[in-house]
Amino acid sequence: DMGGHDTYMHKEISEQADAVDRVLRGRIDDRFSTVHLGGLNLDAREARGIRRVKILGCGTSYHAGMIGAQLIEELARIPADAEPASEFRYRNPVVDPDTLYVAVSQSGETYDVLAAVQELKRKGARVLGVVNVVGSAIAREADGGMYVHAGPEVCVVSTKCFTNTVVAFALLALHLGRIRDLSVSDGKRLIAGLRKLPAQIAAILETEDEIKKIAEEYAGAQSMMFIGRVRGYPVALEASLKLKEISYIHAEAYPASELKHGPLALIEPALPTVAIVPDDELLEKNRAALEEIKARSGRILAVAHREQEKADHTIVVPKNETELDPILMGIPLQLLAYHTALAMGRDIDKPRNLAKSVTVE
Ligand code: M6R
């Protein structure tokens, strides 16, 4: 049942304020400015012993894991990174007992992720699952974890589950942070930020008509570039994946800082750039990249916290705490991909060559 929407993708994008409300519900502890995650099976002493976090997933779940790794490193000060589960499995990785492994999956059935979990467990590692489908194979196989409570996701391309997975990682990072060195005041600040998310998401979704108009302008492009830095880079990767999956427009994502090391050669009027430009410590650096692109007559769509002078269009999103900004900046780009694909007459819920869950190698 599409509940009055023309596609599942549109329905699922529209559900995100409620979905985020669900992942937060019952987990926030104001008394200690922390988060309770009952299913982790990881006590405070064990949490203090973690020396690294390694996050494994595929596709969109891998991108959510990249943001998760940044959140864990920033809030809990534990070295963390994400890697595609399929690559990890095949490179005979060093499995270290002080590393916490986290498997991320919407379906909980992705074969490469499941196989990585099984291999890790065989070697004695501790593996958590950050999973949407309750009782799925990865959820059962993991030592503990958290459900992301996005609700059923039918469309082949993941939208609401991406957002909820990133929020779940923010909760995990806050939880680990408050056991380690994150202060009470930072805990309070982030909890207040998390509570603002549903209303801010609803406000972004209200701007759909404006995003649709912009999408219709870019719908004819042969290729598009997505750029961002640090927190904005996984947002760029995910937006580029979304666009290519449903519109079949070729898209690339780069850290904005890498432009001058090669991809700048591609910039010309026919190759539009989507730039993630949050109001954070990298704002001036990001603006310099926009200038470089403008100097080559490139068209620019910025997703930012305020109007960007160098951009041809700016989608302004509400500001949250800096660490949580990537959660919001991805949402208008889901709508951009959606309306671009719609304007090109694509079959949005069933993109060619793709399946909802990849249960083979
Ligand atoms: O169910 P999973 O989260 O494990 O699926 C992983 C990927 O196959 C999935 O995210 C894929 O990239 C989607 N088509 C993205 O929209």
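Everything in this summary refers to the structure shown in the same document.

Rules and cut-offs
Here the residue numbering is sequential within each chain, running from 1 through the sequence in written order. Totals for whole chains, interfaces and linings use all residues, but because this is a predicted model, local features are given only for residues with pLDDT of at least 70 and pairs of side-chain atoms are given and counted only at 80 or more. Hydrogens and water are ignored here; the side-chain numbers use all heavy atoms of the structure. Helix numbers and strand numbers start at the N terminus; a helix is a DSSP run of H or I with at least 4 residues, a strand a run of E with at least 2. Think of it in three bands: residues with accessible area under 20% of the maximum for their type are buried, residues over 50% are exposed, and the middle band is partly exposed, with areas taken using a 1.4 Å probe on protein chains only. We call two residues in contact whenever any of their non-hydrogen atoms come within 4.5 Å of each other. Strand pairing is assigned whenever DSSP identifies at least 2 bridges connecting the two strands. Axes here mean lines fitted to C-alpha atoms, for a helix over just the part in contact, with angles spanning 0 to 180 degrees between N-to-C directions. Here Asp and Glu are counted as negative and Lys and Arg as positive; His is not counted, and neither are the chain ends. Should a side-chain nitrogen of Lys or Arg be within 4 Å of a carboxyl oxygen of Asp or Glu, the pair is scored as a salt bridge. Contacts described as polar in this section are N or O atom pairs within 3.5 Å, which, within protein, must combine one atom able to donate a hydrogen with one able to accept it, while residues neighboring in sequence count only if both atoms come from side chains. Pairing of aromatic rings covers Phe, Tyr and the six-membered ring of Trp, with a centre-to-centre limit of 6.5 Å; geometry is then stacked below 30 degrees between planes, edge-to-face above 60, and tilted otherwise. In our convention, an over-ring charge means Lys NZ or Arg CZ found within 6 Å of a ring centre and within 35 degrees of that ring's normal. Throughout, the arc means the angular range of directions from the helix axis out to the C-beta atoms. One heavy atom suffices: a residue is near a molecule or strand as soon as one of its heavy atoms comes within 4 Å of it. Accessibility throughout is a Shrake-Rupley quantity obtained with a 1.4 Å probe, and a residue counts as covered only by protein chains that appear here. Note on handedness: a crossover is taken as right-handed if, strands pointing away from the viewer, the path from the first strand over the helix to the second is clockwise.

## Points about the side chain of Ser240
Then, in step 1: Topologically, Ser240 is positioned in helix 11 (residues 232-247).
Then, in step 2: Under the relative-accessibility criterion, Ser240 is labelled buried at 2%.
Then, in step 3: With residues near it in sequence (within four places) discarded, Ser240 still touches Phe226, Ala251, Glu252 and Ala253.

## Concerning the sheet that holds strand 3 (residues 52-57)
Sheet strands line up and pair through hydrogen bonds in the backbone, either parallel or antiparallel.
Then, in step 1: What the five strands build is an open sheet, ordered 4-3-5-6-7; its pairing is parallel. Two strands in the sheet have a free side with no partner beyond their single neighbour: strand 4 (80-84) and strand 7 (144-147). The sheet shows a mean angle of 20° between the axes of neighbouring strands, direction not considered.
Then, in step 2: Bridging between strand 6 (residues 126-131) and strand 7 involves four bridges; their strand directions are parallel. Residue pairing for strand 7: Gly129 is matched across the bridge by Gly145.

## Examining the side chain of Arg27
Then, in step 1: The residue Arg27 is located in the loop between helix 2 (16-24) and strand 1 (28-29) in this model.
Then, in step 2: Despite its burial, Arg27 pairs with no opposite charge; the closest candidate is Asp21, at 12 Å N-O.
Then, in step 3: Only 3.1 Å separates the side chain of Arg27 from the backbone oxygen of Tyr147, close enough to count as a polar contact.
Then, in step 4: Look past the residues within four positions of Arg27 in its chain and what remains in contact with it is Thr34, Val35, His36, Leu37, Met146, Tyr147, His149 and Leu171.

## Section: the packing of aromatic side chains
Then, in step 1: In total, this model carries one aromatic pair according to the counting rule given.
Then, in step 2: Relative to Tyr101, the ring of Phe88 has its centre 6.1 Å away and its plane inclined at 55°; by these criteria the two rings are tilted. Taken together, the positions of Phe88 in helix 5 (residues 85-89) and Tyr101 in strand 5 (residues 99-105) put the pair 13 residues apart, joining distant regions of the chain.
Then, in step 3: Looking at Phe88, the relative accessible area reads 3%, which means it is buried.
Then, in step 4: Sitting over the face of the ring of Tyr248, Arg352 holds its NZ or CZ atom 3.8 Å from the ring centroid.

## Thoughts on helix 2
Then, in step 1: Those residues of helix 2 that fall on the buried side of the exposure criterion are Gln16, Ala17, Ala19, Val20, Val23 and Leu24. Seen along its axis, helix 2 keeps its buried residues to an arc of 160°; they face one direction.
Then, in step 2: The positive-phi residue at the C-terminal boundary of helix 2 is Gly26, with phi of around 75°.

## Description of the site of the ligand
Then, in step 1: Around the ligand, a shell composed of 13 residues is seen, among which Ser61, Ser105, Gln106, Thr110 and Glu245 lie nearest.
Then, in step 2: Here Thr110 contributes a side-chain N or O atom positioned 2.4 Å from an oxygen atom of the ligand.
Then, in step 3: Protein chains bury 92% of the 410 Å² of accessible surface belonging to the ligand in isolation.
Then, in step 4: The set of elements that each furnish at least two residues to the shell around the ligand consists of helix 4 (59-76) and helix 11.
Then, in step 5: Looking at the shell around the ligand, the element that brings in the most residues is helix 4, giving three residues.

## Here we look at the pairing of strand 4
Then, in step 1: Two strands pair when backbone bridges link them, and strand 3 and strand 4 are joined in this way by five bridges, in the parallel orientation. In the sheet register, Ile55 faces strand 4, and the bridge partner there is Ala82.
Then, in step 2: With helix 4 bridging strand 3 and the parallel strand 4, this β-α-β connection has right-handed handedness.

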